[in-house]
Amino acid sequence: MPQNLDELWPPFGLTIALGPVTLSPVRDDDLPALAALVHDGVHSPADMPFSFPWTTGSPGEVRLRLLQYHWAKRAALSPAAWTLETTVRFNGEIVGCQSISTTDYLVTRTGETGSWLGMKHHGRGIGTLMRQALCAFMFDHLGAAEVTSAAFLDNAPSLAVSRKVGYTENGVARLKRRDGEMAVIQRLVVTAETLNRPEFELRGRGVGPMQELLGLIHNRDPAESGVD
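Given the structure is predicted, the values throughout are model-derived calculations rather than measurements.

K.L.:
Describe in detail the side chain of Thr15, supporting the description with residues and values.
P.N.:
Mapping Thr15 onto the fold places it in strand 1 (residues 15–18). For Thr15, a relative accessible area of 19% translates into the label buried. Setting aside its immediate chain neighbours within four residues, Thr15 contacts Thr22, Leu23, Arg203, Gly204 and Arg205.

K.L.:
Describe the pairing of strand 2 (residues 21–25), and please don't skip the residues or the numbers.
P.N.:
Summarising burial for strand 2: 4 of the 5 residues are buried, a large majority. Here strand 1 pairs with strand 2 via 3 bridges, running antiparallel. Across the sheet, the residue bridging to Leu18 is Val21, located in strand 2. Joining the antiparallel neighbours strand 1 and strand 2 is a turn of 2 residues, in which Gly19 adopts a positive phi near 60°. As defined by bridge partners, strand 2 adjoins strand 3 (residues 81–90) across 5 bridges and the pair is classed as antiparallel. When the bridges of strand 3 are listed, Val21 appears paired with Phe90.

K.L.:
If you had to explain the environment of Phe12 to someone new, which residues and values would you point to?
P.N.:
Along the polypeptide, Phe12 turns up in the loop between helix 1 (5–8) and strand 1. Relative accessible area serves as the criterion here: at 10%, Phe12 is assigned to the buried category. Considered as a pair, Phe12 and Leu213 are 201 residues apart in the sequence and their alpha carbons are 12 Å apart. Residues contacting Phe12, with those up to four places away along its chain left out, are Leu5, Asp6, Val26, Arg27 and Arg74.

K.L.:
Account for the packing of helix 2 (residues 31–40) against helix 3 (residues 59–76), with residues named and values stated.
P.N.:
Remark: helix 2 packs on helix 3, axes separated minimally by 10 Å, with the N-to-C direction vectors making an angle of 140°. Relative to helix 3, the element helix 2 is oriented oblique. The two elements helix 2 and helix 3 meet at a crossing, and its hand is right-handed. In this structure, helix 2 uses Leu31, Leu34, Ala35, Val38 and His39 to contact helix 3, whose residues at the interface are Pro59, Val62, Arg63, Leu66, Leu67, His70 and Trp71. Split by residue class, the contact of helix 2 with helix 3 holds 9 nonpolar, 2 polar and 1 charged.

K.L.:
Outline the pattern of salt bridges, listing residues and values.
P.N.:
This model, assessed by the stated rule, comprises 6 salt bridges. A salt bridge links Arg89 to Asp30, with the nearest nitrogen and oxygen atoms 2.8 Å apart. Here Arg89, found in strand 3, pairs with Asp30, found in the loop between strand 2 and helix 2; they are 59 residues apart in sequence, far enough to count as distant. Exposure remark for Asp30: the relative accessible area of 5% places this residue in the buried category.

K.L.:
Go over the sheet that holds strand 4 (residues 93–103), please, and point to the residues and values.
P.N.:
Judged by pairing direction, the sheet is mixed, and its 9 strands sit side by side in the order 7-8-6-5-4-3-2-1-9 without closing on themselves. The open sheet terminates on both sides in strands that have one partner only, identified here as strand 7 (168–178) and strand 9 (202–205). Strand-to-strand twist of the sheet, defined as the mean angle between neighbouring strand axes without regard to direction, takes the value 25°. Of the pairings in the sheet, the one linking strand 4 to strand 5 (residues 110–117) comprises 6 bridges and is antiparallel in character. Paired with Ile100 across the two strands is Thr113, which belongs to strand 5. Contacts from helix 3 reach strand 3 and strand 4, with the element oriented near 130° to strand 3. Sitting on the sheet, helix 6 (residues 156–165) touches strand 6 (146–152) and strand 8 (181–190), and the angle it makes with strand 8 is about 10°.

K.L.:
Can you explain the nonpolar core? Please cite residues and give values.
P.N.:
Trp82 and Val147 are the most contacted members of the largest nonpolar core, which totals 40 residues. With 10 residues, the single largest contributor to this core is helix 5 (residues 126–141). Filtering out sequence-adjacent residues up to four positions away, Trp82 remains in contact with Leu77, Ile100, Ser101, Thr102, Tyr105, Met138, Leu142 and Leu214.

Rules of the game
- Residues numbered from 1 in each chain as written.
- Predicted model: local features only at pLDDT ≥ 70, side-chain atom pairs only at ≥ 80, totals over all residues.
- Heavy atoms only, no water.
- Helix = DSSP H or I, 4+ residues; strand = E, 2+ residues; numbered from the N terminus.
- Buried < 20%, exposed > 50% of the residue type's maximum accessible area, 1.4 Å probe, protein only.
- Contact = heavy atoms within 4.5 Å.
- Pairing = 2+ DSSP bridges.
- Axes fitted to C-alpha atoms, helices over the stretch in contact; angles between N-to-C directions.
- Parallel < 35°, antiparallel > 145°, perpendicular 65-115°, else oblique.
- Left-handed = near helix turned anticlockwise from the far one by under 90°.
- Nonpolar A, V, L, I, M, F, W, Y, C, P; charged D, E, K, R; others polar.
- Salt bridge = Lys/Arg side-chain N within 4 Å of Asp/Glu carboxyl O.
- Core = buried A, V, L, I, M, F, W, Y, C linked by side-chain atoms within 4.5 Å.

Coordinates in, geometry out; function isn't part of it.
Listed below in structure tokens is the structure:
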């Protein structure tokens, strides 16, 4: 019988560590710090790096949108379709979120990354490390064939991170960004062969239960809790 919340909900037992960066699925205890980061700013008010402009509106609207999004994604997780939203910590401090979303992963073995950092943490190399951590985890422990991403052509910082991580261009698309505004988005893809790995060793905890939850392994030994 499960004895704690980490055992009842396996994502809560997952930790992905790469040097000073640690990723762990968003818990309710993380939400106040994440909301404070968003309140202080994720990007310049003149810019919109997201295809869905979730950072627009009053502080209360943005905060509510943030909470509802994380609760909804957690509740909807299944092997057929899932989004893994992780809280990113740099030297123990919460600095933003890194995610990957996929549908029919057991067949496609592909997922799309997304991320944001509080503005005060921009330009420190954190965005590159957190993307490398999640991509390496997907290839090493979830059996991904590729990982995709995308960024608007005017989002130079995100495109620079993608190049550092090892993504290659994978076509463009025209999207509505804000009301009445069209923008061109650059699609990107990285594989295990093109991924630029940093000098740090990837470390994972609670990987087995997560693999089982996503349908990647079956009949796991209950004693297993780390990296297989």
